[in-house]
Amino acid sequence: MAEPVELTIALEEGFEGQHVVVVVDGDVVLDDPEVRTRRQIGLARSVAVRLPEGDHAIGVRVDGVERLSIRVDTGAVRWVAISRAADGGLDAVTGSGLRGYA
């Protein structure tokens, strides 16, 4: 059996004090009543989750915003960045390399 891998889920741009819940494979990994982006670094919150390599479901609920649901393969993806879009919805970007913040 393969070793678990670490997936980082980062809440980045556009959060202004909303209640955010992040669920991975049905388990709540973050429940924060007031997520706020630190404009200096473009990051509000992040959470690292250890998961078996493979396909996983991620759901993000933000008060007053349509829920975001995505699937990621942790064999290829090491981070997921969630931001508020200009229209108020949620956008997700994934990657396998390092993702740094100032």
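The following paragraphs examine the structure supplied in this document.

What counts as what
Residues numbered from 1 in each chain as written. Predicted model: local features only at pLDDT ≥ 70, side-chain atom pairs only at ≥ 80, totals over all residues. Heavy atoms only, no water. Helix = DSSP H or I, 4+ residues; strand = E, 2+ residues; numbered from the N terminus. Rg over C-alpha atoms; globule rule 2.2 N^0.38 Å. Buried < 20%, exposed > 50% of the residue type's maximum accessible area, 1.4 Å probe, protein only. Contact = heavy atoms within 4.5 Å. Areas by Shrake-Rupley, 256 points an atom, 1.4 Å probe, with all protein chains shown as cover. Lys, Arg positive; Asp, Glu negative; His and termini not counted. Charge placed at Lys NZ, Arg CZ, Asp CG, Glu CD. Pairing = 2+ DSSP bridges. Axes fitted to C-alpha atoms, helices over the stretch in contact; angles between N-to-C directions. Salt bridge = Lys/Arg side-chain N within 4 Å of Asp/Glu carboxyl O.

Counting secondary structure elements, the protein contains zero helices and eight strands. The secondary structure elements of the protein, listed N-terminal to C-terminal, are β-β-β-β-β-β-β-β. A globule of 102 residues ought to have a C-alpha radius of gyration of about 13 Å, and the protein, at 13 Å, matches this closely. Principal-axis analysis of the C-alpha atoms places the extent of the protein at approximately 40 × 30 × 20 Å. Per-residue burial over the protein gives 42% buried out of 102 residues. A fraction of 49% describes how many contacts in the protein between residues 6 or more apart in sequence connect residues 24 or more apart. Of the roughly 5,800 Å² that the protein leaves accessible, carbon and sulfur atoms contribute 46%. Taken as two groups, the 11 positive and 17 negative side-chain charges of the protein have centres that lie 4 Å from each other.

Here we take up the sheet that holds strand E1 (residues 5-11). Spatial strand order, E4-E1-E7-E8: four strands in an open sheet with mixed pairing. Looking along the sheet, the strands with just one partner apiece sit at the ends: strand E4 (45-51) and strand E8 (90-95). Here the strands of the sheet are splayed against their neighbours by 20° on average, with no regard to which way each runs. Of the pairings in the sheet, the one linking E1 to strand E7 (residues 79-84) comprises four bridges and is parallel in character. Considered in E7, the bridge of Ala10 is made with Ala81.

This brings us to the pattern of salt bridges. Using the criterion set out here, one finds four salt bridges in the structure. Linking Glu16 and Arg39 is a salt bridge whose minimum nitrogen-to-oxygen distance equals 3.7 Å. Here Glu16 is found in strand E2 (residues 16-24), whereas its partner Arg39 is found in the loop between strand E3 (27-36) and E4, with 23 residues between them in sequence. Between Glu34 and Arg36 there is a salt bridge, with its nearest N and O atoms 3.2 Å apart.

Next up on the list: the sheet that holds E3. For sheets, the rule is that strands pair by backbone hydrogen bonds, running either parallel or antiparallel. Reading across the sheet, the four strands line up as E3-E2-E5-E6 and stay open at both edges, with antiparallel pairing between neighbours. Where the open sheet ends on each side, the last strands, each with one partner, are E3 and strand E6 (68-73). Sheet twist, expressed as the mean angle between neighbouring strand axes with direction ignored, is 20°.

A word on the pairing of E1. Summarising burial for E1: five of the seven residues are buried, a large majority. With seven bridges connecting them, E1 and E4 associate as antiparallel partners. In the strand pairing of E4, Leu11 is matched with Arg45.

Bear in mind that shape data such as this cannot, by itself, settle questions of function.
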